[in-house]
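Spelled out from the first residue to the last, the chains are:
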Amino acid sequence: MTDPQIGILMLGVFILCIFLGFPIAFTLMALGIGFGYFAYFDGGRMWRGYERLVEEGAEGWQVWQAYLEGFLNNRIFDLFVNQTYSVMANEVLTAVPLFLFMGYIVERSNIVERLFSTLYIAARRVPGAMAVAALITCTLFATATGIVGAVVTLMGLLALPAMLNARYNNSFASGVICAGGTLGILIPPSIMLIVYAAATGTSIVRLYAGALFPGLLLAGLYITYIVVRSFLQPSVAPKPTDDEVGDVSMGKLVVMILTSFVPLAVLIIAVLGSILFGLATPTEAASAGALGGLGLAAIYRALTWDKLRDSVYLTLKTTAMVCWLFVGSWTFSSVFSYLGGEHLITEFVTGLNLNTITFLILAQLIIFLLGWPLEWSEIIIIFVPIFLPLLEIFGVDPLFFGILVALNLQTSFLTPPMAMSAYYLKGIAPPSVQLMQIFKGCMPFLFFVLVAMVVLYVFPEIVFWLPDTVYG
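About the cut-offs
- Residues numbered from 1 in each chain as written.
- Predicted model: local features only at pLDDT ≥ 70, side-chain atom pairs only at ≥ 80, totals over all residues.
- Heavy atoms only, no water.
- Salt bridge = Lys/Arg side-chain N within 4 Å of Asp/Glu carboxyl O.
- Helix = DSSP H or I, 4+ residues; strand = E, 2+ residues; numbered from the N terminus.
- Axes fitted to C-alpha atoms, helices over the stretch in contact; angles between N-to-C directions.
- Parallel < 35°, antiparallel > 145°, perpendicular 65-115°, else oblique.
- Left-handed = near helix turned anticlockwise from the far one by under 90°.
- Contact = heavy atoms within 4.5 Å.
- Nonpolar A, V, L, I, M, F, W, Y, C, P; charged D, E, K, R; others polar.
- Core = buried A, V, L, I, M, F, W, Y, C linked by side-chain atoms within 4.5 Å.
- Buried < 20%, exposed > 50% of the residue type's maximum accessible area, 1.4 Å probe, protein only.
- Polar contact = N/O pair within 3.5 Å; in protein donor to acceptor, adjacent residues only side chain to side chain.
- pLDDT = per-residue confidence, 0-100.

## Quick word on the pattern of salt bridges
A full pass over the atoms with the stated rule returns 2 salt bridges. Between Asp468 and Arg206 there is a salt bridge, with its nearest N and O atoms 2.9 Å apart. On the criterion of sequence distance, the pair formed by Asp468 in helix α24 (residues 461–471) and Arg206 in helix α13 (residues 204–232) is long-range, its members being 262 residues apart.

## A look at the packing of helix α12 (residues 191–200) against helix α17 (residues 305–339)
Remark: α12 packs on α17, axes separated minimally by 12 Å, with the N-to-C direction vectors making an angle of 25°. The orientation of α12 with respect to α17, classified from their angle, is roughly parallel. Once α12 is placed against α17, the crossing between them reads as right-handed. Taken together, the residues of α17 that come into contact with α12 (itself represented by Val195, Ala198 and Ala199) are Val322, Phe326 and Trp330. Here the residues of the contact of α12 with α17 are counted per class, giving 6 nonpolar, no polar and no charged.

## A few points about the nonpolar core
Formed by 168 residues in total, the largest nonpolar core has its most connected members in Phe99, Met155, Tyr222, Phe326, Ile380 and Phe401. Per element, the largest residue contribution to this core is 13 residues, and it comes from α13.

## Here's the deal with the environment of Leu216
Positionally, Leu216 belongs in helix α13. The spacing of Leu216 and Leu360 is 144 residues in sequence and 22 Å in space, taken between C-alpha atoms.

## Focus: the side chain of Thr137
Structurally, the position occupied by Thr137 is in helix α9 (residues 129–145). A relative accessible area of 0% places Thr137 in the buried class. A polar atom in the side chain of Thr137 sits 2.7 Å from the backbone oxygen of Ala133. If near-sequence neighbours (up to four positions away) are discounted, Thr137 is found in contact with Val112, Leu115, Phe116, Leu119 and Met155.

## Topic: the confidence of the model for the chain
This prediction gives the chain a mean pLDDT of 84; 95% of its residues lie at or above 70. Across the chain, α13 holds the top mean pLDDT of 92, while helix α14 (residues 242–245) sits lowest at 64.

See the structure below:
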């Protein structure tokens, strides 16, 4: 077999290991080191000391030690150590644990329940008011956390029972929470965009600016769908009675908004605005956001030792997962590229005589299919870099490609059979809510993700206008 064929075999073995359920980060490291040992094998260099001792007639432990040292004298181990150090010293990734900590501490600050109640009362005259309030709450909370599982789980515990008690359709209510919870990987400050920036070398500031309008576009499409369907089909979202809403004066509503919506909105705007307008780096803004999250928790009297400890533990756990994925993926991709596998894929794709649009459609279709068995982090860190050499060939800006990927990955959380948002919700939903009902509720929102992608294909200025206007 030629080296490029071995590279393709390496990729095939990795995909097989994924379906067999092996831990992905350690599988990447094992395959990278295993195939890399073959790729960088140089017996003459590795066992030079051993052969010299044999020629000199040495015997015993000294010879065996020289042989073992020669066995470990493969360049793959140097590469692995260097990649590990590069990941741990990457300044872009420093923002990941800080944003994660901000999200976990905000999740435990008891602000979400107040926010949902306030928005429901404020939107009580709108068709599907509770669903609209749930989606806006999901959007704000997802923006503050960027953690899909946390948003879906918390909103499933908070908003789903309230919607079911208000006689909302099971599928409709479930779809709203699942779709709203996934917006956090698109709307900045998104953890996914930080990981994409680190994996591709794209400016995180321009990515945040480019993702803002597409994220708001998708959230707007969701809200429009909720309102229109609730108006045309009142049975899925019955209007609340006066007894259910209660008599809330305008003054009391203003106080509720000032004590629930405004603090979280100020935190998000301060963090995002300081990044977009160049007042702080993403890491500095994330530090300020983490401090702001602690402040919110203290103001709402939710800053206890147990909650702080849980937030730190979950932050470390998620950060370690991301870092080891980077170590494994960079080792794997370096060996894969050295063997010529990346070049073989490039030649194959360019040989298809695709234009820019058909290439983008093919790439997004592949990422859509990868979203079934894989998490977004694995797709971004492992597979997106394979597309990078092709972007220059087809004249695709990595910024635009990253926003399309972020939009596309919404579907990985909503598409059966591996729709993780649906499983997160099912885990805490009442027994009356069936998994198939949740899948059914996600389908209309999948359609609007596709609509948003088509809109970006037709009007790419939606992505480029803000970063070009602010940064030139």
